[in-house]
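# Summary of structural features
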Amino acid sequence: MKKSIKQQKTVLVILLSNIFIAFLGIGLVIPVMPSIMTTMGLSGKTMGYLVAVFAVAQLLMSPIAGRWVDRIGRKKMIVIGLFIFAISELIFGLGTHVYLLYISRVLGGISAAFIMPAVTAYIADVTTMEDRPQAMGYLSAAISTGFIIGPGIGGFIAEYGIRLPFFFAAGIAFLACIMSIFILKETLTKEQITELSAQSNQSSFLGDMRRSLKPIYFIAFLIVFVLAFGLSAYETIFSLFSDHKFGFSPKDIAAIITISAIFGVVVQVFAFGKMVEKIGEKKLIQLCLIAGVVLAVLSTMVSGFWLVLGVTCLIFLAFDLLRPALTSYLSKAAGKEQGYVAGMNSTYTSLGNIVGPAMGGLLFDININYPYLFSAVVMFVGLAITVWWKEKELAGGFSK
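Below is a short write-up of the structure. (Residues numbered from 1 in each chain as written. Predicted model: local features only at pLDDT ≥ 70, side-chain atom pairs only at ≥ 80, totals over all residues. Heavy atoms only, no water.)

### Observations concerning the packing of helix α13 (residues 272–299) against helix α14 (residues 305–334)
Our working rule: Every angle, taken between N-to-C directions, lies between 0 and 180 degrees, and every axis is a line fitted to C-alpha atoms, over only the stretch in contact when it is a helix. A run of H or I in DSSP becomes a helix once it reaches four residues, and a run of E becomes a strand once it reaches two; helices and strands are each numbered from the N terminus. Relative orientations are named as follows: roughly parallel for angles under 35 degrees, roughly antiparallel for angles over 145 degrees, roughly perpendicular for angles from 65 to 115 degrees, and oblique for any other angle. Crossing handedness is read from the near helix: turned anticlockwise from the far helix by less than a right angle, it gives a left-handed crossing, and turned clockwise, a right-handed one.
Orientation of α13 relative to α14, taken along the N-to-C sense of each, is 140°, at an axis distance of 8 Å. Regarding the angle of α13 to α14, the classification is oblique. By crossing handedness, the relation of α13 to α14 is classed as left-handed.

This is how it looks when you write it as structure tokens:
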């Protein structure tokens, strides 16, 4: 039975903690990657491949994991995902050969494909339609917060050993896994699992992709891809852009990213649910895309620390609101297909995360402003797509 957020506080805290820990673990290791590269004598190309294999593994595994979320239950997928994540971090920390690092990154991508759809489906199961946008806002905030404080904690821990952050990440993931085993309860009944399992047995990767073309899903999935594509292209070159164009120091860049992220988290926690309640997911998505287009273009025109900070805060906020708005919409549209839809959400996100950085880097070599202008064009295309987003395609008329 679905309950209000207040009635589900303990469960939500555990779920959000799991997501927070997973993304904290990812952020923890960022400061030590250059040192790992140096001590192991790895090339820049190898480091790029290590990033890519994570995204590819997540992309390939997400549709399958989405079906498994419905077939074996949300709780088991969360527990297994956290366990795999812990193992992946442990392997990277112990790895002295590059093939072990590749194994670690593949396992990391698989764990992300397990955890995200399962947590999203679990939240959809235990919240009402009215409370779901607020819960999805909390979920997005937990992800952002993990990214914010992860590098700082990782840098501090690395003072005692460059591989220690990996062991710390593995330890907190194991802890989250154990907590989930004892505290979380499966939200699906045996009858529901049997019914959903029968449906998923008839599906395949290509079949899942075809189902994602349904009108009720396709526009939202396409915008998920557009968001991931444009955002990753923008974020990938942000540090390079700030360094080359403005001469910002690493401290300046870190301050801009951190302040922008904190601003986004605050708005997600305290205002996102009210915004959806007032204007609906569709209009919020459109407003965020409009803001993204304008601000991406503006990013190429402003100069000076405070102006860059202001524009960056606003564009990151637009991205931070877009993500949960899309997730909330898809969750409401999914009905009994929560696992499948959450898995495909992850698939389209991974696809955008693979293509976006590659395109952003290529354009950066041509002209320093092109990645931002390209992101603006991509988001404008996403905005244009929403014109065909008919009200009748919205499940149950839940969006205004």
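Structure's up, so let's keep going.
### Describing the side chain of S62
Counted only if it meets this: Contacts are assigned to residue pairs with any non-hydrogen atoms lying within 4.5 Å of each other.
Locating S62 in the fold gives a position in helix α3 (residues 44–71). When sequence neighbours within four positions are dropped, the list of residues in contact with S62 reads A113, G343, S346, T347 and S350.

### Side note on the side chain of D70
Condition: Any N or O atom pair separated by 3.5 Å or less is treated as a polar contact, with the protein-specific requirement of one donor-capable and one acceptor-capable atom, and with residues adjacent in sequence counted only for side-chain atom pairs.
In this fold, D70 is placed in helix α3. Only 2.7 Å separates the side chain of D70 from the side chain of R74, close enough to count as a polar contact.

### Points about the nonpolar core
As a rule of thumb, soluble globular proteins bury nonpolar side chains together. Note the threshold: Each nonpolar core is a collection of buried residues, namely Ala, Val, Leu, Ile, Met, Phe, Trp, Tyr and Cys, held together in the definition by side-chain atoms within 4.5 Å. Relative accessibility thresholds used throughout: buried, under 20% of the residue-type maximum; exposed, over 50%; partly exposed, between the two (1.4 Å probe, protein chains only).
Counting residues in each nonpolar core, the largest one holds 54 residues, and the members touching the most others are F319 and L330. With 17 residues, α14 is the largest single contributor of residues to this core. With near-sequence residues (within four places) excluded, L330 lies in contact with Y217, A220, F221, V224, V341 and N345. Listed in part, the 39 residues of the second largest apolar core include L24, I110, F114 and Y122.

### Points about empty space enclosed by the protein
Filter applied, for reference: Residues are called lining when one of their atoms sits within 4 Å of a cavity or pocket point, these points coming from a 1 Å grid over the protein atoms alone, where a cavity is a set in which a 1.4 Å probe fits but cannot get out and a pocket is an open set with protein on both sides within 12 Å along at least five of seven lines. Grid points are joined across faces, edges and corners, and a volume is the space filled by probe spheres set on the points. Residues are grouped as follows: nonpolar covers Ala, Val, Leu, Ile, Met, Phe, Trp, Tyr, Cys and Pro; charged covers Asp, Glu, Lys and Arg; every other residue, Gly included, is treated as polar.
With the rule as written, the count across this model stands at three cavities of 30 Å³ or more. When its volume is computed, the largest cavity comes out at roughly 60 Å³. Along its surface, the largest cavity is lined by Y234, F238, F241, S242, F246, S299, V302, V308, V311, T312 and Y372. Residue assignment for the lining of the largest cavity shows that the elements contributing at least two residues are α11 (238–246) and α14. Per element, the largest residue contribution to the lining of the largest cavity is four residues, and it comes from α11. Taken together, the residues that form the lining of the largest cavity break down as eight nonpolar, three polar and no charged.

### Digging into helix α16 (residues 370–385)
The criterion, for reference: Given a helix with a known number of residues, its expected span is that number minus one, times 1.5 Å.
Given a rise of 1.5 Å per residue, 16 residues ought to cover 22 Å, and the 22 Å separating the end C-alpha atoms of α16 matches this to within 8%. Within the sequence span of α16, burial applies to P371, Y372, F374, S375, A376, V378, M379, G382, L383 and I385.

### What about the environment of A358?
Residue placement: A358 occurs in helix α15 (residues 338–366). In this structure A358 comes out as exposed when scored by relative accessible area, which is 53%.

### Let's talk about the environment of T189
Topologically, T189 is positioned in the loop between α7 (164–183) and α8 (190–201). In this structure T189 comes out as partly exposed when scored by relative accessible area, which is 37%.

### Let's talk about the packing of aromatic side chains
Quick note on the threshold: Paired rings are identified among Phe, Tyr and Trp, the last through its six-membered ring, by centres lying within 6.5 Å, and are further divided according to the angle between planes into stacked (under 30 degrees), edge-to-face (over 60) and tilted (the rest).
Enumeration according to the criterion identifies five aromatic pairs in this entry. Taking 5.7 Å as the distance between ring centres and 65° as the angle between the ring planes, the aromatic pair formed by F83 and F174 counts as edge-to-face. Of this pair, F83 sits in helix α4 (residues 74–94) while F174 sits in helix α7, and the two are 91 residues apart along the sequence. In this structure F83 comes out as partly exposed when scored by relative accessible area, which is 43%. Seen from their ring centres, F221 and Y348 are 5.0 Å apart, and the 5° between their planes marks the pair as stacked. With a gap of 127 residues between them, F221 in helix α10 (residues 215–236) and Y348 in helix α15 connect regions that are remote in the sequence.

All we've got here are geometric facts, nothing functional implied.
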